[in-house]
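Notes for the structure review
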Amino acid sequence: MTREHDIAVIGGGLVGSALAYGLARLGRRVALYDEGDVAYRASRGNFGLVWVQGKGLGLPAYGGWTQGSVRRFPEFAALLSEDSGVDLALEQPGGFHLCLSEAELAHRIDQLTRLVAQPGFERYAFDVLDRDALARRLPGIGPRVVGATYCRLDGHLNPLRLLRALHAGFLARGGSYRPNAKVEAIAREGGAFSVRTAAGRAEAGQLVLAAGLGNATLAPQVGLRAAVRPQRGMIVVLERMRRFLDYPLATLRQTDEGTVLIGDSQEEVGFDDTLATAVLATLASRAVQVFPFLRDARVNRTWAALRVMSPDGFPIYEQSAAAPGAFVVTCHSGVTLAAAHALLLAPLIAAGDLGADLSPFSSERLNVQKAA
Ligand SMILES: Cc1cc2nc3c(=O)[nH]c(=O)nc-3n(C[C@H](O)[C@H](O)[C@H](O)COP(=O)(O)OP(=O)(O)OC[C@H]3O[C@@H](n4cnc5c(N)ncnc54)[C@H](O)[C@@H]3O)c2cc1C
């Protein structure tokens, strides 16, 4: 058994890779374990929004945390590009949430008004646009669109490049990447964590569980809980087109290369990541109502992937009381939160204390909700 590393991070998706990169930047010796291509990987199937609008109803701290990440994204993208040579195609022009009926728009306004009015919520401004005002910003919208909300903090990027950049940046900073290394068991022995894979055992002084849906079985081994469940999401990818959309929408965006992505459904179907034609048809139909000219566009690809959802949908960040030095990290917006994970959370983990600001993200809140 060797103890070559200060920290073992389990899970090489966006969450584990952002943390591993952030920890390696701090000079820690980090080993990043990943299960490999057989794994469920939300990080390879997501929509690529860097999104604030609408997040945090029920947990005001989540709104502030998300805004903090989005505000740090330009700096984070620059650091990552320096370390990895990868351009994330980050654009943050603000984003729109379109509504297809007056009732939908009224509901949306009510939701955002309640969100930003919560005590302790870090307020941000959002605009409500009627159809005419929206048509000036988004030429080509269809007659069914009645209006939208807009938040200037929203944006998007290429999520596959983000993942590649995090891995390359991690390696450039001296990290040790261990692919095809499913962690089968973890134990605390003599003040260190022993991590067992098919290739053998290794020791590290600290442990970060960032294994997505795999956290549910790993966390209890070090006295933590991560009752995460899968939630299926599908995406439709159209052919590349001349640029027509300068802003990301919550359910439609055009990449820097011109490709149009339509997203993304939400279904509770367990560990089933197969495609359902009826769901894809609904996504496509809504997109055609938003931009009728998309009716003639070719569909190039479709896919389904599983989100990593906690019981209340908010992140869980926690250090084990039974095994100090072991942390669990899970969230459902790993693209948006990548900057916060690398630049804010990694230093707290390295210091061994998540601090009071992150206490709302402890799984304790789930006990309280259950009891209430
Ligand atoms: C359709 C869809 C659209 C989305 N859109 C957005 C969006 O627009 N913006 C946004 O911010 N987020 C979005 N998300 C969410 C985002 O993709 C996830 O939050 C993020 O990818 C989660 O990353 P993760 O690393 O926690 O999990 P995963 O990507 O699932 O990675 C977990 C990793 O852990 C590894 N692992 C598991 N068990 C073990 C083990 N025992 N040992 C070693 N390794 C293990 C696996 O190999 C895997 O690579 C979307 C998700 C989906 C599905």
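This text gives an overview of the structure that appears in the document. Computed from a prediction, not measured in an experiment: that's the story for all the values here. (Residues numbered from 1 in each chain as written. Predicted model: local features only at pLDDT ≥ 70, side-chain atom pairs only at ≥ 80, totals over all residues. Heavy atoms only, no water.)

**Observations concerning the sheet that holds strand β14 (residues 259-262)**
Under the convention used in this document: Paired strands, as defined in this entry, are two strands with at least two bridges between them according to DSSP. Each helix is a run of H or I in the DSSP string that is no shorter than four residues. Each strand is a run of E no shorter than two, and both are numbered from the N terminus. Only C-alpha atoms enter the line fits that serve as axes; for helices the fit covers just the stretch in contact. Angles between N-to-C directions range over 0 to 180 degrees. The criterion used for residue contact is that any of the two residues' heavy atoms lie within 4.5 Å.
The four strands lie next to each other as β13-β14-β12-β15, forming an open sheet whose pairing is antiparallel. Two strands lie at the open edges of the sheet, namely β13 (252-254) and β15 (299-309), each paired on one side alone. The average angle at which neighbouring strand axes cross in this sheet is 20°, direction not considered. One ladder, built from three bridges, connects β13 with β14; its direction is antiparallel. Bridged to glutamine 254 within β14 is valine 260. Those strands touched by helix α7 (residues 277-290) are β12 (229-240), β13, β14 and β15, and its axis lies near 50° from that of β12.

**Focus on the packing of aromatic side chains**
Under the convention used in this document: Ring pairs are drawn from Phe, Tyr and Trp, using the six-membered ring of Trp, whenever the two centres fall within 6.5 Å, and their geometry is named by plane angle: stacked under 30 degrees, edge-to-face over 60, tilted for the rest. With a 1.4 Å probe rolled over the protein chains alone, any residue whose accessible area is under 20% of its type maximum counts as buried; one over 50% counts as exposed, and the rest are partly exposed. Geometrically, a lysine NZ or arginine CZ counts as sitting over a ring once it is within 6 Å of the ring centre and also within 35 degrees of the ring normal.
Enumeration over the complete set of coordinates arrives at 14 aromatic pairs. Geometrically, the ring pair formed by phenylalanine 244 and phenylalanine 291 is edge-to-face, given 5.2 Å between the ring centres and 80° between the ring planes. Of this pair, phenylalanine 244 sits in the loop between β12 and β13 while phenylalanine 291 is found in the loop between α7 and β15, placing the two residues 47 residues apart along the sequence. Judged by relative accessible area, which is 0%, phenylalanine 291 ranks as buried. Taken together, the ring pairs in this structure connect Tyr21, Phe73 and Phe76 into an aromatic cluster. Above the ring of tyrosine 150, the side-chain terminus of arginine 137 is found at 4.8 Å from the ring centroid. A cation over a ring is seen here: arginine 253 above phenylalanine 47, with NZ or CZ 5.8 Å from the ring centre.

**Quick look at the site of the ligand**
What counts here: To be near a molecule or strand, a residue needs just one of its heavy atoms within 4 Å of it. Under the rule applied, a polar contact is a pair of N or O atoms within 3.5 Å (in protein, one hydrogen donor and one hydrogen acceptor; residues adjacent in sequence only if both atoms are side-chain atoms). By the convention adopted, Pro, Cys, Tyr, Trp, Phe, Met, Ile, Leu, Val and Ala count as nonpolar, Lys, Arg, Asp and Glu as charged, and the other residues, Gly among them, as polar.
Inspection of the region around the ligand gives 38 residues, with Asp34, Ser43, Val183, Gly334 and Thr336 positioned closest. Between aspartate 34 and the ligand, the recorded distance is 2.7 Å, taken from a side-chain N or O atom to an oxygen atom. Valine 335 places a main-chain nitrogen or oxygen 3.1 Å from an oxygen atom of the ligand. Here the residues of the shell around the ligand sort into 18 nonpolar, 14 polar and six charged.

**Focus: the packing of helix α1 (residues 14-25) against helix α8 (residues 338-351)**
Angle between the axes and distance between the axes: these two values describe a pair of packed helices. In plain terms, the rule: Orientation categories follow fixed angle ranges, with anything under 35 degrees roughly parallel, anything over 145 roughly antiparallel, 65 to 115 roughly perpendicular, and all other angles oblique. By definition, any crossing whose near helix is turned counterclockwise from its far helix by less than a right angle is left-handed, and any crossing with a clockwise turn is right-handed.
The geometry of α1 relative to α8 is characterised by a closest axis approach of 8 Å and an angle of 55° between their N-to-C directions. What the angle tells us is that α1 and α8 run oblique. Crossing hand, α1 versus α8: right-handed. Contact residues: α1 offers Val15, Ala18, Leu19, Tyr21, Gly22 and Leu23, while α8 offers Ala338, His341, Ala342, Leu345, Ala346, Ile349 and Ala350. Within the contact of α1 with α8, the residues separate by chemical class into 11 nonpolar, two polar and no charged.

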